Amino acid sequence: MAIKSTEEYIDFFTNLNMGENVPLLSFVNNERMVLKQKLEYKNLEKEPIQKGIGILEDLVTEINEIGEKAVLEKYQK
């Protein structure tokens, strides 16, 4: 897994240029679902996947608390 921080997830989302068509919350939930499925694979390292899930769960909480726009502004460089 290459993404190791909240800033990197936001940067990845922003660079996909989906922001107008796909809400950040939908993107984060989809990514989290994919990582949870990867946990079932026996030959993958679990720790980086679990860290990614944790980052995404924190992002969901933040989006629900302060809103998508505020989260994007907070983490964009």
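Our subject is the structure that appears above.
## Some remarks on the overall build of the chain
When you go through the chain residue by residue, the secondary structure sums to four helices and zero strands. Mapped from its N terminus to its C terminus, the chain presents α and β elements in the order α-α-α-α. On C-alpha atoms alone, the chain measures out to a radius of gyration of 12 Å, which is about the 11 Å that the 2.2 N^0.38 rule sets for 77 residues. Oriented by its inertia axes, the alpha-carbon framework of the chain measures out at about 35 × 25 × 20 Å. Restricting to contacts in the chain with at least 6 residues of sequence separation, those with at least 24 account for 55%.

## Observations regarding the packing of helix H1 (residues 6-15) against helix H2 (residues 24-38)
In contact at an axis separation of 11 Å, H1 and H2 are set at 115° when each is read in the N-to-C sense. Of the two possible hands of crossing, H1 and H2 adopt the one that is right-handed. Residue-level inspection shows Tyr9, Ile10, Phe12 and Phe13 of H1 in contact with H2, the latter providing Leu24, Phe27, Glu31 and Leu35.

Cut-offs applied
- Residues numbered from 1 in each chain as written.
- Predicted model: local features only at pLDDT ≥ 70, side-chain atom pairs only at ≥ 80, totals over all residues.
- Heavy atoms only, no water.
- Helix = DSSP H or I, 4+ residues; strand = E, 2+ residues; numbered from the N terminus.
- Rg over C-alpha atoms; globule rule 2.2 N^0.38 Å.
- Contact = heavy atoms within 4.5 Å.
- Axes fitted to C-alpha atoms, helices over the stretch in contact; angles between N-to-C directions.
- Left-handed = near helix turned anticlockwise from the far one by under 90°.

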